[in-house]
Amino acid sequence: MIKKSNLKAKQIVSVIFLMMFYLGWGQAQVVRGATSPTGIDLNRVLTADPQATFANNSARVSTRSDTDPTSLITLTDARQQTGAVWSSDQAYFDLNEATTIGFWFNCQDLSLYSAAGEGFAFVLQNDPRGAHAITSFNDQPVSGGESLGVWAADQDSRITDPTLLAKTAVQNSWALEFDSQSNSGFSNNAFDLNADQSQNSNNTVDLSNDHIAANYPAQASTYVRHTHFLGSGNYFGQKHDPILQQKVNLADGAWHHVTLRWDPHANEMAFFWDDHGQAGPLRPQTIKIDPHKFNSRDGHLRWGFTGTTDPSSNYQRTQIIVDQAPRLHVKVTSQLVNQTTEKIVHNGDSVHGGNLLELSHQLTYEAGTLPWQQIHATIYLPFDADFQKAQIIYRNGTTIALPATALHTDDNDKTQWFDLVLPQQLDSSNDQVTIKIDLKVEGLEEERAIMPAIADFETPLLKRHAVIPAYILDPNRFFKLSDPAADSYFVTPEQPLTPVQGQFGYYNRETPDQPRQLAGNEGFFMECTLNGQSLPPITLPSHGGNQGHYQLWADAGFLQQLHLGKNTFTYRLADKFKNYSAERQITITSLTGSLRFGLIAQQSSFRPLRLTGQTQTAVRADNWALEVVDGRIFNQGTIGWQLLAQATPLTTDHGQRLPGELVYRANDQEQSLSTPTIVATNTTTSGNQLTRIPQNLWQADNGILLKVHSNAIAGQYSGQITWTLQDGPESRLVA
């Protein structure tokens, strides 16, 4: 493993590598001799028995050895043969997804006195015959010849219509041919005759030698009609669109590698020729493919290889080893959870020093014909986070702890990563593994942007890349507060609360005796609660130097929020990074000498009704809070008050009015609240009285209720009630 100086350097190096891979070029290094390359086991990828697909199929699939499950495909190895292998129904090629296929091929010239032939083709098809598809004439497979088992069969000189000719090819298909024989004669041997109508990037076409090209075998436009010079019949040439390689030696007895990468967004197939073991990287060639040519409703195609040999002396052994196959679908889901705040960390979120994080990568085997095995995992951890523990959890119940010794650390930049092979494969019976890594965020003196942490999960069949979001690491700071506030206060109209002036210092936890300069550290605010309810935060003004200031109870309306009797007030200082001072609690006992409202709910509701087509009455829900505080002081006699209410009509958010209204019910009498109406009265001889009206003066079926008429329509309605508190007529004060 190559270590880089930091994470950014890793990414830059990776990008440079990819650019070189695509933009450079070099000499191909082919594998010669008897030793064949390594590939994958195609047992569950191909149809079970190629020779059962059509008559006289020459293809066969063998396994290299008991210890090496590499599948070796032999398409042809004698004169006048046609061979084909096709993928199974489950191992389809999906046009909707980015897909890669890689294979090696070896074509060995077996003819003694002439050139090799004919060649083979990689094919994508949606032929109704499925795994039985092959070039056919009069419903019989064509043996050998220029068709390569996929192009049309030019075997009847009476055919003049290329549409009829195209029906003999593999239908709804695209083929990439590796043609090792130039067919430039007449009937059934003229597909390489039309060099002038084939497409090549440099406009120089030469099909007289081995070549690699592509087109649609079942399209009439692929074929060009010719007439014998004596007028004795017709024959057809073939358009190659495009020609990818020409004047190459395909039957040289060496192993050549091909990679095909499908881009579903651009509808392009990237073609890499002889792309293994390069002295320098290769430039891919791209081929536009029209998905409509396949007539597939779901984009699922069968893929495979076809090949033929010449009926006479031109023949070859064609062998293929697949080292990367489609239809292995694995999803990787990655996330970073702040366990301290119990929230998922998204890109650009803030994380605080000391927070506990859980980094997780979940690999899910969704579908496939092959297991995903020997998964090499490279997992980087975010910077400035200390490793705590890690474990691998499989769906089958297996849990494996990863020790700290499995973690690699770069001594220069402190990059940390796990580099391991996951111990179990993923398949349909054990389809998920989750790697969880617990971290503790370091405390820093300054804000820092933490780069994304990457992870790669790779096998020869498939590679998946994952990224943990970048986040902002907030500095770990604290406050020191100083103010003369007492632990408890008593307030009356004659002795209200006096605002308290306080001051604070701002410190890094690493240097607790050195206050920070406050200039440039705007974003301080005071968080307060009264009787458990949060009050609006108070933003503090900007400060210079290293000492800030704050004030308690500066808001003149604060006294109006106090309940009669004991009140609990808390406050703490905070900054924009969610650093907090210690919370302080103060008890305030209110002994006011006035008639006023106490707690009033900002929103109250009625219990839902099921509409019956009859007039109904909805009773109050439990969220009604309505208090009157009578703290008036008197020597003797009685004193009273009355509460009036007036309500607006109830409407939906779209302005639809509810057929009904708020009413006040008492002593079996109801009054509409469309005008100010007395809804509560009280008298006292003791003073300093708190009255909770819904609880003390109303019953469940009286007081303010909601009358709903029979023609009401279901919905959510709202309105407003205006409360008016005034002295009652029973007040009789004695001096």
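Bear in mind that the values here come from a model prediction, so they are computed numbers and not experimental data.

A. How the structure looks around the pairing of strand β30 (residues 453-458). By the criterion of burial, β30 is predominantly enclosed, with five of the six residues buried. The sheet contact formed by strand β23 (residues 376-380) and β30 spans four bridges and is antiparallel. Bridging across to β30, T378 finds its partner in D456. Across six bridges, β30 lies against strand β31 (residues 463-468) in antiparallel orientation. Residue I454 lies in a different strand from β31, and its bridge partner there is V467.

B. Structural detail: the pattern of salt bridges. Taken as a whole, this structure holds 15 salt bridges when the rule is applied. Measuring nitrogen to oxygen at the nearest pair gives 3.0 Å for the salt bridge that ties D156 to R158. The exposure class assigned to D156 is buried, which follows from its relative accessible area of 15%. Residue classification places R158 among the exposed positions, given a relative accessible area of 68%. A salt bridge links D487 to R584; the shortest N-O distance between them is 3.3 Å. Of this pair, D487 sits in the loop between β33 (477-482) and β34 (488-491) while R584 sits in strand β42 (residues 584-590), placing them 97 residues apart in sequence. Residue classification places D487 among the exposed residues on the basis of a relative accessible area of 56%. Here R584 falls in the partly exposed class, since its relative accessible area comes to 24%. One connected set of salt bridges, linked through shared partners, spans D483, D487 and R584.

C. Broad picture of the packing of aromatic side chains. As enumerated under the stated definition, the model contains 23 aromatic pairs in all. Taking 6.4 Å as the distance between ring centres and 85° as the angle between the ring planes, the aromatic pair formed by W303 and F305 counts as edge-to-face. Residue W303 is classed as buried on the basis of its relative accessible area, which comes to 0%. For the ring pair Y506 and F524, a centre distance of 4.8 Å and an interplane angle of 85° mean the geometry is edge-to-face. Placement of Y506 in strand β35 (residues 500-508) and of F524 in the loop between β36 (511-515) and β37 (525-530) is noted, with a sequence separation of 18 residues between them. The exposure class assigned to Y506 is buried, which follows from its relative accessible area of 1%. Look at F524 and you get buried, because its relative accessible area is 4%.

D. The arrangement of the sheet that holds strand β27 (residues 416-421) in detail. Spatial ordering of the open sheet is given by β26-β27-β23-β30-β31, a layout of five strands whose pairing is antiparallel. One side of each edge strand has no neighbouring strand; the edge strands of this open sheet are β26 (407-409) and β31. Along the sheet, successive strands turn relative to each other by an average axial angle of 15°, direction set aside. Where β26 and β27 come together, three bridges link them in antiparallel fashion. Bridge pairing links L407 to F418 in β27.

E. Representation of the pairing of strand β10 (residues 211-215). The buried fraction of β10 is high, at five of five residues. Side-chain alternation along β10 places H211, A213 and N215 on one buried face and I212 and A214 on a second face that is also buried. When strand β9 (residues 173-179) meets β10, the two strands line up antiparallel, connected through five bridges. Following the sheet pairing, A175 is matched in β10 by N215. Pairing analysis gives three bridges linking β10 to strand β13 (residues 243-246), with the strands arranged antiparallel. If you follow I212 over to β13, its bridge partner there is Q245.

F. Up close: unusual backbone geometry. With an omega dihedral of 5°, the bond running from D241 to P242 counts as a cis peptide bond. With respect to the helices, strands and loops of the structure, P242 is situated in the loop between β12 (234-238) and β13. Phi is positive for L148, which is not a glycine, with a value near 60°. With respect to the helices, strands and loops of the structure, L148 is situated in the loop between β8 (140-141) and α2 (162-166). Residue L148 is classed as buried on the basis of its relative accessible area of 0%. Of note in this structure, E342 is not a glycine but carries a positive phi near 60°. Looking at where E342 falls in the secondary structure, it is placed in the loop between β19 (328-338) and β20 (343-344). Under the relative-accessibility criterion, E342 is labelled exposed at 69%.

Basis of the calculations
- Residues numbered from 1 in each chain as written.
- Predicted model: local features only at pLDDT ≥ 70, side-chain atom pairs only at ≥ 80, totals over all residues.
- Heavy atoms only, no water.
- Buried < 20%, exposed > 50% of the residue type's maximum accessible area, 1.4 Å probe, protein only.
- Helix = DSSP H or I, 4+ residues; strand = E, 2+ residues; numbered from the N terminus.
- Pairing = 2+ DSSP bridges.
- Salt bridge = Lys/Arg side-chain N within 4 Å of Asp/Glu carboxyl O.
- Phe/Tyr/Trp six-rings, centres within 6.5 Å; stacked < 30°, edge-to-face > 60°.
- Axes fitted to C-alpha atoms, helices over the stretch in contact; angles between N-to-C directions.

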